[in-house]
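# Architecture and fold: a report
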Amino acid sequence: MFIRKKRLGELPASDITDHHVYLGRRKFLNNTAAIATASLLPLSLVNAKAELPEATYLNLKQSHYSTDEKPTSYESITTYNNYYEFGTGKSDPALRLESIEFPDKSKPWRVSIEGECDKPGEYDYDDLIRPFTLEERIYRFRCVEGWSMVIPWIGFPLADLIKRAQPNSRAKFVEFTTLYDPAIMTRRNVLDWPYTEGLRIDEAMNPLTLLAVGLYGSELPGQNGAPIRLVVPWKYGFKNIKSIVKIRFVEEMPNSAWMKAGPREYGFYSNVNPDVAHPRWSQSKERRLGEFLKRKTEMFNGYAEDVAHLYTGMDLTKHF
Ligand code: MTE
C-alpha cells in the first residue's frame, strides 16, 4: 500500500480464473518461477495456482448479511494478498508460506483477551472459538489501494466474543494485535511491528463485524490471516487485521500500525468512502478482481444501511 510504486488497479483481468464453485480439491501451488519476479507480479502471472482444499466446515448457518454477488476465485483470494510480515509483493505471502507451516500446528495458538473487561483470559485457539456458532458470510472486501473482491468468509460475530469478555464502562475501543515472529516474518522495516488495529466499541459490536476462521468452506490459509482474523466489511482492507494474538479493551483511541506509518494517509476510521480521496489517488472507483472495467465504489462499501448510524453527526472528511 503505502510503499508500492505500481498501482494495484493495473492487475489484468486475464490472470484471474473464474473458480467459485465449492469443490473438494487438493491445494496445489506451483512456485517454480523465479521468486524475484514473483515479488513484483501477481502470483498467477508467475505460473502459480491455488486449488480449493477439501471443505472442512459443513452445513454452516447462512447469513442474511451475505451478498449474492459472485465470489472472487479461491485462487485470487489466496494468492493476491497483503500480509507485509511475509513480504510486500502480492504473491509473497502465498509463496513464502508454501515452505513454512504457518501457523505451526505443533505449537498452541494463544489469544489473550485483556484490558478493561471483567472476564479477561488467555485461550488456546480451539477453546476460544468453541462456544461460538460459525456461519458463512459472503462480504465485499475493498482495499484502500483500489481493488476489491467478494469473499465467502466463515466466522462468528465479534460481538459474541465481546459479550463473553464483559467489557466495563471504561472500554471505549478495542485494540487487536497480530503475532510477530521475526524468525519467520522477515520483513522488519516496513511497519512498526507487531501489526495493530483498532475499532470503536460500537463498531466492534456491530453485527457485521466478524472474526473469521475460514473461507470457501475450509480453514483460513496462512496468507489470509490464519487462524483467526478480523473482517470489517465497510472499512478499507487494512483494518482487517490478520493472525490475531491479542484483543484488548481500552479507554483511549489506539494508534494503529498504519496510523503510525502514515498518519495523513491512514486514519483510525478508514471507512470506505468514494468522496474522500486518499492523498495520492481517488477512491471513487475500484477494480474487482476478475473484472476488466472499474466499478463505482459505494459509500461504506455498500453497507450504509447497517452502519451509517454509527457516524451520525461526524464529519467523515475529518474522521477519515
Ligand atoms: N494484517 C497483518 N497482520 N499484516 C498485513 O500486512 N494487511 C492488511 C490486512 N491485514 C495486513 C493485515 C491489508 S492492507 C489488507 S488489504 C488485507 O489484510 C488483505 O487481506 P487478504 O490478503 O486476505 O486479502
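We now turn to the structure provided with this report. The shown structure was predicted, so the numbers you read here are calculated from the model rather than taken from an experiment.

Because an α-helix packs 3.6 residues into every turn, residues spaced three or four apart end up facing the same way. For helix α5 (residues 158-165), the full list of buried residues reads Leu158, Ala159, Leu161, Ile162 and Ala165. Along the axis of α5, the buried positions cluster into a sector of 160 degrees, meaning they face one direction only. Exposed residues on α5 whose side chains face more than 90 degrees from its buried face are Lys163 and Arg164. Of the residues trailing α5, Gln166 is marked for its positive phi of about 55 degrees.

In this structure, Trp153 and Ile228 are the most contacted members of the largest nonpolar core, which totals 85 residues. Sorting elements by how many residues they give to this core places strand β5 (residues 147-157) first, with six residues.

All chains considered together, the criterion is met by 22 salt bridges. The salt bridge partner of Arg110 is Asp124, with a shortest N-O separation of 2.7 Å. Of this pair, Arg110 sits in strand β2 (residues 110-115) while Asp124 sits in strand β3 (residues 121-124), placing them 14 residues apart in sequence. What makes Arg110 partly exposed here is its relative accessible area of 34%. We classify Asp124 as partly exposed; its relative accessible area is 27%. For Lys260, the salt bridge identified is with Asp192, shortest N-O distance 3.5 Å. Placement of Lys260 in helix α7 (residues 257-261) and of Asp192 in the loop between β6 (173-178) and β7 (196-200) is noted, with a sequence separation of 68 residues between them. According to the relative accessible area criterion, Lys260 is partly exposed, its value standing at 42%.

With that settled, consider the site of the ligand. The environment of the ligand is formed by 17 residues, the closest being Asn81, Tyr84, Glu85, Arg229 and Lys242. Between a nitrogen atom of the ligand and a side-chain N or O atom of Thr178, the distance comes to 2.9 Å. Starting from 530 Å² of accessible surface for the ligand in isolation, the protein chains cover 100%. Among the residues making up the shell around the ligand, the classes are represented as eight nonpolar, six polar and three charged.

Here we come to the environment of Ser63. Residue position: Ser63 is located in the loop between β1 (61-62) and α2 (74-79). For Ser63, a relative accessible area of 13% puts it in the buried group. As a C-alpha pair, Ser63 and Ile138 span 75 residues in sequence and 8.3 Å in three-dimensional space. Each residue touching Ser63, except ones within four places of it in the same chain, is listed here: Glu135, Glu136 and Arg137. Engagement of the side chain of Ser63 in a polar contact is seen with the backbone nitrogen of Tyr65, the distance being 2.9 Å.

Bringing the sheet that holds strand β11 (residues 244-250) into the picture now. The five strands lie next to each other as β3-β2-β11-β6-β7, forming an open sheet whose pairing is mixed. A strand with exactly one partner marks an edge of an open sheet, and here the two such strands are β3 and β7. On average, each strand axis in the sheet is tilted by 15 degrees relative to the strand beside it, whichever way the strands run. Sheet topology places β2 next to β3; four bridges connect them, and they run antiparallel. In the strand pairing of β3, Val111 is matched with Tyr123.

Analysis parameters
- Residues numbered from 1 in each chain as written.
- Predicted model: local features only at pLDDT ≥ 70, side-chain atom pairs only at ≥ 80, totals over all residues.
- Heavy atoms only, no water.
- Buried < 20%, exposed > 50% of the residue type's maximum accessible area, 1.4 Å probe, protein only.
- Helix = DSSP H or I, 4+ residues; strand = E, 2+ residues; numbered from the N terminus.
- Arc of directions from axis to C-beta.
- Core = buried A, V, L, I, M, F, W, Y, C linked by side-chain atoms within 4.5 Å.
- Salt bridge = Lys/Arg side-chain N within 4 Å of Asp/Glu carboxyl O.
- Near = heavy atom within 4 Å.
- Polar contact = N/O pair within 3.5 Å; in protein donor to acceptor, adjacent residues only side chain to side chain.
- Areas by Shrake-Rupley, 256 points an atom, 1.4 Å probe, with all protein chains shown as cover.
- Nonpolar A, V, L, I, M, F, W, Y, C, P; charged D, E, K, R; others polar.
- Contact = heavy atoms within 4.5 Å.
- Pairing = 2+ DSSP bridges.
- Axes fitted to C-alpha atoms, helices over the stretch in contact; angles between N-to-C directions.

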